[in-house]
Structure formats: C-alpha cells, structure tokens
Amino acid sequence: MLLQNKHVAIIGSGMGGLMLARLLQLQNSIVKVYERDLNSEVRVQGSPLDLHEDSGLIAMKQADLLNEFYKNIRPNASKARIVDQNFNLKFDEHAISKTGSEKISDSSLDSLQDISKPRPEIDRSVLRKILLNSLSPDSIVWNSQFTAMEKENEGWRVHFKNGTTFYADLVIAADGANSKVRPYISAEKPIYSGITMIEGTIYNAKENAPHLFEFSKGGKVLALGKEQTIMYGTKGDGSLMFLLSSKIPENWISENDLDFKNNQKIFEWFKEVYQDWNSEWDELFKSSELYFIPRPQYYFPFNQSWETQENVTMIGDAAHRMPPFAGKGANLALLDAVELADCLTNNEFPDMKTAISYFEKRMLERAAIALENTLKNGEQLHAENALEKLLSIFNPTI
Ligand SMILES: Cc1cc2nc3c(=O)[nH]c(=O)nc-3n(C[C@H](O)[C@H](O)[C@H](O)COP(=O)(O)OP(=O)(O)OC[C@H]3O[C@@H](n4cnc5c(N)ncnc54)[C@H](O)[C@@H]3O)c2cc1C
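The model shown is predicted, which means the values in this text are computed figures rather than measured ones.

Let's talk about the site of the ligand
Okay, so step 1: The environment of the ligand is formed by 34 residues, the closest being E35, R124, F146, D317 and A330.
Okay, so step 2: Residue M15 places a main-chain N or O atom 3.3 Å away from an oxygen atom belonging to the ligand.
Okay, so step 3: Considering the ligand on its own, with 1000 Å² of exposed area, one finds that the protein chains cover 88% of that surface.
Okay, so step 4: Listing elements by their share of the shell around the ligand, those giving two or more residues are helix 1 (15-26) and helix 11 (329-345).
Okay, so step 5: Ranked by residues supplied to the shell around the ligand, first place goes to helix 11 with 4 residues.
Okay, so step 6: Residues belonging to the shell around the ligand are distributed by class as follows: 11 nonpolar, 12 polar and 11 charged.

Next comes the structure, spelled out in structure tokens:
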C-alpha cells in the first residue's frame, strides 16, 4: 500500500479536492483537506453543473454517491431556450423532445454538439454539500489558506496564512485556477483566451428580474449576437446567474478601472459594449441585490509537461485551467480525482513517483483534448454567425 501510514494533504475543497478526499477515505487513507474559506457557507458557489457520462458521473458512481446525486438534480435546469440579441425566441428545448439521432454530422461542429446534449444538472452548492457530507468528521480544515511549503524528511512542511503549519507525506494541489501550489510543480503560465466573461448574480430573481426569471422556465437561456453572448439560468435558491461573454483585450478591465462593486458603472459599460442588444436585457441590471465577478478566461498550454515528483501533484483547474465553453472543467476535476485515487491505492505501482507519473500523463492527454474542444467552442460561440451555428445543432431542420 503506497499510502499506508502516510498523511495526505489536499489543498482546496472544490469539486476535485472533495471527490479525491472521499475516494481516498473509502480506501482508508489518512487525508485532510485544507481550505482557505472560513466555513462551507461563506462563499457563493458558482454556476450549476451538468455531469458527463464519461467523467463526472463515473466519479459519483465510484464515490457511491450516484443515488444522492440523482435525488438532487434539477430536471429542467439543462433545457435551453435560444434567443437572438433582440430576445426573439429561436429554439425552445422545453417544447421539443430531442434524441441523439437528430444530431447533424458536420465534424467541425462536434464540440458544440457536445454542449447541446441533455445531461443531469445540479446546483453546485448542493453537489458540494453531498461531497462534504460524505467525508468523515473533521476532514476539512477550514480557514487554511496555503501560502508556502518546503521539503521536510520525505515529505513537505506546509504553511498557511493563519500561521499554522502541517507535515504531509503527499501534497495534492486542488486549489483551482490560481493555484498557489502549482509553482512547486510547473513554471508554465496561463495564456489569455481573448474572451472575458462578467458573471452576475441576481438574488430573489422572481422579484428582481421577473421577466427574465419567467422566460427561463427553470432552464438556461442562451443569447448570441455578433461576437458576444449572454447566458443565464436560475438556481434552486431562487437566484439567477448570468454571464456576459465577449472578446475584449486582456488588460481592458484593469486599464479602464472598471469598478465591479458599482452596478451603475457596469450597466453603462454594458450599454456601450452591447449596443446592438435590445433593452429587454436591461432587467439584468435593475436590482440592488446584484453582484458581479469579472472572469477573464485563461488556459494552460496544450503541450505542458513537467518532471513528476514523488510527493506532490495536482488535479483539476490547478493542473489544466480552461474556459467553460465546453462545460468540462468540473467534470475533468472529478475524473482526475478518480484516476489519482486509483493510482495511489490499487497496489499496481511500485512507488509513489511511478503512480503519480502514470496519472499525470493520462490527465494531461485528456485535458489537451478537452481544451481543444473548449477553444473551438469559444471561437464558434463568439463568431459573427454564432446563432445560426448553434441553431443548426439544436435543431438541424432549420
Ligand atoms: C462561469 C463558469 C461556468 C462553468 N461551468 C462549468 C460547467 O458547466 N461544467 C463544468 O464541468 N465546469 C464548469 N466550469 C469550470 C469549473 O467551475 C472548474 O473547472 C472546477 O470548479 C474546477 O474544480 P477544482 O476542484 O479544480 O477547483 P475549484 O472548484 O476552483 O476549487 C478550488 C478550491 O480551492 C480553494 N483554494 C484556492 N486557493 C487556496 C489556497 N491558497 N489555500 C487553500 N484553499 C484554496 C478555493 O477556495 C476552492 O474551494 C465553469 C467555470 C466558470 C467560471
């Protein structure tokens, strides 16, 4: 047993970190998850997630949590309505039953077809709770923001912002896109994709954005204009989350000093940048219960590689950050957890370094394919004729 009597420290309690902890605990490993948040409620969890058959659902099954997952999915949440920038309804998945056989066979559209597949969708906060509840008590060490680590004996002395330290035989970075552990493994920097998303959340959306709330029918709305998109959907807690996505230069936000706490300024920015869009979209900005997060989209390069180490590795966005245009990131993080847990506990590898090396190679191959689809989708969703392309996939008879 590679992990016998070894202390495993997972940094970050996102999808990847929690799933890995669950799977390692099922194999009786000694594992703690160190999370910077003060507790499980402190941060608003982002977009709902649909789990894919070849990744996220495999992980839930492996973790013995598939029943719990299906008890908590939101059946209408994955259904899409597609509109143009003037809010004309072009396609309504709520009104149509779709089968795989309706898909068209233009291979250049394969990755966009992938996002049109109906899949079980769950609120991220609910999925996170399922994973948290599956762990043994005191597995998560909250208020533990990783700052640094140095070699000690065969493992690492890990330091946190609150002044505490901990010894671990094996450190696993699951601390997301801006991982602070990653530099101990790889020096490669992320590349800007050319697209920035602005994420907005409207609380109590039934009151604060009644038309948009009703229109979504509990599912997703995708609006495509020339090189710009708006996507939104509601969550089980009554909020509505939207994403304004457009091609803008990398440092545009910081150079223009856009204040994301000033809703009026963001509205003015929207009216300037989305000037061809009709005023029905203004409802997104009317509420005082509205919060924004800027999300410039970066990715790690296709051909990244690093020298495997015997006592530190990484999973999820820390290893293969990419934009969300193919809905792959969380699914990949969950699958990484399955494969790493398997490599570390299946007794097929002579030592930790060989096990980690096998895992990392497969992870990077998988991530490169997902990244290719993601970037292709990003281009297609922000193309001049994006609406026609997407419609031809959802409804090939048009
Ligand atoms: C708008 C948007 C929509 C998306 N939609 C989808 C989708 O539909 N499907 C999909 O599969 N993916 C989607 N993704 C991608 C997905 O969110 C990520 O790929 C996924 O969350 C990565 O999981 P992770 O566990 O690697 O990291 P994260 O989920 O980011 O978790 C990282 C954790 O580490 C903690 N942390 C960070 N720094 C430290 C530190 N220094 N010390 C301790 N803890 C730390 C964080 O607080 C967090 O809890 C979307 C992303 C965005 C932005």
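Some details on the nonpolar core
Okay, so step 1: Core analysis: the largest hydrophobic core is formed by 66 residues, its most contacted members being I10, M19, L20, L127, V171 and I172.
Okay, so step 2: Among the elements that line this core, the one with the most residues is helix 11, at 9 residues.
Okay, so step 3: For I10, the residues in contact, after removing those within four places along its chain, are G17, L20, A21, V31, K32, V33, Y34, I172 and A174.
Okay, so step 4: Counting 29 residues, the second-largest nonpolar core is a separate cluster that includes I198, Y232, F260 and F267.

A short note on the domain arrangement of the chain
Okay, so step 1: On domain assignment, one finds that the chain holds domain 1 (7-71 + 123-189 + 301-377) and domain 2 (80-121 + 193-298 + 378-394).
Okay, so step 2: Using C-alpha coordinates to define each centre, domain 1 is positioned 29 Å away from domain 2.
Okay, so step 3: Taken together, the contacts link 25 residues of domain 1 with 26 residues of domain 2.
Okay, so step 4: Surface buried jointly by domain 1 and domain 2 totals about 2000 Å² across both partners, of which 55% is contributed by carbon and sulfur atoms.
Okay, so step 5: Considering only the surface of domain 1 that becomes buried against domain 2, F325, K376 and N377 emerge as the three largest contributors, covering 32% of it.
Okay, so step 6: Where domain 1 touches domain 2, the interface holds 0 salt bridges.
Okay, so step 7: Summed over the shared surface of domain 1 and domain 2, the result is 12 residue pairs in polar contact (both at pLDDT 80 or more).
Okay, so step 8: Of all the elements in the fold, those that place two or more residues in the side of domain 1 that touches domain 2 are strand 3 (49-50), helix 3 (66-71) and helix 12 (352-381).

Quick look at the packing of helix 1 against helix 11
Okay, so step 1: In contact at an axis separation of 8 Å, helix 1 and helix 11 are set at 30° when each is read in the N-to-C sense. Accordingly, the angle class assigned to the pair helix 1 and helix 11 is roughly parallel. Along this stretch, helix 1 crosses helix 11, giving a crossing that reads as right-handed. Between helix 1 and helix 11, the residues in contact are M15, G16, M19, L20, L23 and L24 and A330, A333, L334, A337, V338, L340, A341 and T345, respectively.
Okay, so step 2: Along the lines of polarity and charge, the residues of the contact of helix 1 with helix 11 split into 12 nonpolar, 2 polar and no charged.

Procedures and definitions
Residues numbered from 1 in each chain as written. Predicted model: local features only at pLDDT ≥ 70, side-chain atom pairs only at ≥ 80, totals over all residues. Heavy atoms only, no water. Near = heavy atom within 4 Å. Polar contact = N/O pair within 3.5 Å; in protein donor to acceptor, adjacent residues only side chain to side chain. Areas by Shrake-Rupley, 256 points an atom, 1.4 Å probe, with all protein chains shown as cover. Helix = DSSP H or I, 4+ residues; strand = E, 2+ residues; numbered from the N terminus. Nonpolar A, V, L, I, M, F, W, Y, C, P; charged D, E, K, R; others polar. Core = buried A, V, L, I, M, F, W, Y, C linked by side-chain atoms within 4.5 Å. Buried < 20%, exposed > 50% of the residue type's maximum accessible area, 1.4 Å probe, protein only. Contact = heavy atoms within 4.5 Å. Domains from an automatic or database assignment. Buried area = accessible area lost by both parts, 1.4 Å probe. Salt bridge = Lys/Arg side-chain N within 4 Å of Asp/Glu carboxyl O. Axes fitted to C-alpha atoms, helices over the stretch in contact; angles between N-to-C directions. Parallel < 35°, antiparallel > 145°, perpendicular 65-115°, else oblique. Left-handed = near helix turned anticlockwise from the far one by under 90°.

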